[in-house]
Amino acid sequence: MALPITSLPIPQSTVRYLSSRNVVYLSDLLKTLPWLDSYNEESVILQMEELNLPEVHRRLLTDFLINHLHQTAFQAPQIGKKLVPIITFSSSLDSLLCGGIFPNEIVEFLGEPGSGTSQLCMQLAVDCSIPEMFGGRACKSLLIDCNGDTCNIRLNQMAKATLTHLNLIARSAEEKDITSKLTVDELLSKVYTARCTNYTQLIALINTVSKDCNYGAIIIDALATHFRHEFEDMRQRTNIIAEFSNKLHKLCIDAPVSLIIVNQVRMDGEGSIQPCLGESWSHTATRRIFLRRVSTDVYSATIMKGKRSGETANFRISSRGIRDCPAQ
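This structure is a prediction, so every number in the text was calculated from the model and none was measured. Within each chain, residues carry numbers counting from 1 in the order of the written sequence. Under the rules for a predicted model, residues below a pLDDT of 70 receive no local features and side-chain atom pairs below 80 are neither given nor counted, while totals for whole chains, interfaces and linings still include all residues. Excluded from the side-chain calculations are hydrogens and water; all other atoms, namely the structure's heavy atoms, are used.

Visitor: Lay out the overall build of the chain with the relevant residues and their values.
Guide: Within the chain, the regular secondary structure consists of 14 helices and eleven strands. Whether a residue is buried, partly exposed or exposed follows from its accessible area with a 1.4 Å probe, protein chains only, as a fraction of its type maximum: under 20%, in between, or over 50%, in that order. In the chain, which comprises 328 residues, the proportion classed as buried is 51%. Here the contacts in the chain between residues at least 6 apart in sequence split such that 67% fall between residues at least 24 apart. The method behind every accessible area is Shrake-Rupley, applied with a 1.4 Å probe, and residues are considered shielded solely by the protein chains displayed. Of the roughly 15,400 Å² of accessible surface on the chain, a fraction of 50% belongs to carbon and sulfur atoms. Put simply, DSSP marks the helices as runs of H or I at least four residues long and the strands as runs of E at least two long, and each gets a number from the N terminus on. Only heavy atoms matter for contacts: two residues are in contact if any of them lie within 4.5 Å across the pair.

Visitor: Explain the nonpolar core to me, and be specific about the residues and the numbers.
Guide: In summary, soluble globular proteins display a tendency toward joint burial of nonpolar side chains. By size, the foremost hydrophobic cluster in this structure holds 43 residues, and its most contacted members are Phe 109, Leu 124, Ile 289 and Phe 315. Per-element accounting of this core gives the leading share, six residues, to helix H7 (residues 117-127). With residues up to four places along the chain from it excluded, the contact list for Leu 124 reads Ile 86, Ile 87, Thr 88, Ile 101, Phe 109, Ile 219 and Ile 260. Nonpolar cores were defined as sets of buried Ala, Val, Leu, Ile, Met, Phe, Trp, Tyr and Cys residues, with membership established by side-chain atoms within 4.5 Å. Judged by nonpolar contacts, the second largest core, of 32 residues, contains Ile 106, Cys 213, Phe 244 and Leu 248.

Visitor: Give me the pattern of salt bridges: which residues, what numbers.
Guide: One side-chain nitrogen of Lys or Arg within 4 Å of one carboxyl oxygen of Asp or Glu is enough to make a salt bridge. On inspection of all chains with the given rule, the structure shows six salt bridges. For Arg 316, the salt bridge goes to Asp 297, with nearest N and O atoms at 3.0 Å. Linking Arg 316 in strand S10 (residues 312-318) with Asp 297 in the loop between strand S8 (287-293) and strand S9 (298-305), this pair joins segments that are 19 residues apart in sequence. Exposure remark for Arg 316: the relative accessible area of 23% places this residue in the partly exposed category. Asp 297 sits in the partly exposed class, given a relative accessible area of 27%.

Visitor: Outline the side chain of Thr 162, listing residues and values.
Guide: Looking at the element boundaries, Thr 162 is found in helix H8 (residues 152-169). The exposure class of Thr 162 is buried, given its relative accessible area of 0%.

In structure tokens, the structure reads:
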């Protein structure tokens, strides 16, 4: 699993600089440094000096690599082998997401009302419960509802469809034994929901969870709901959002959790659709995906930030949940 640079203890200005040069993951930076297999402080300094980086960013990255690389860079590949992504149940969407949503990253989905963001949030929450035997994370998820869009009946439908699917693909005796004992209630027992009606409740909840996070995924639907309308002082809002962003990054560093955040969109002065919460927030997520409705039950996802930027995949929302579009 690749560690996103947004989860590293480096300033946002350096993150922005690296992102502008298509350095999204720590591995992207390490590709330019052949000393990875023979760590030594002197070679770090010498080879960082050879990179075409402004002095301030080169110094900050050198300090980080010397102090942290021997702990994170060499352990990360071992950790990555044990952790699996959260799938969406759409192979085309999973492929676009390079396999799904991984631990230790912040993924942002955005779109207009009716673009499928809440449906995707509920699907991902249920999919966290898939047993490891079937390639799942088998972890608890926390779905934080800021809009009032979470529907227990819909979660139940998705869990039933998930259990049906697992029964269909079970082949070995061990797999069949697991599915014979698995129930919808057991799948849903790992899905926790919380309703936040203002931004102070949301921040307090994240603070509480951060103290001892035992969730595999934390899903916020939708973050912009309260930050868009509860502030008259925009400077105060910017400061609070920046502090909240830092809390999310720290949470990703401290625990193997996937942070999935829904953002809303707005129309700018030229009639173009833009993400809410401003420029500073745009650097928070490792990956940013724009969702839109194509037809009655067909939706598209386009990568706006991250690997495979600009690429698009279609998926379908059916009574069973997120699925692939029928073959043409």
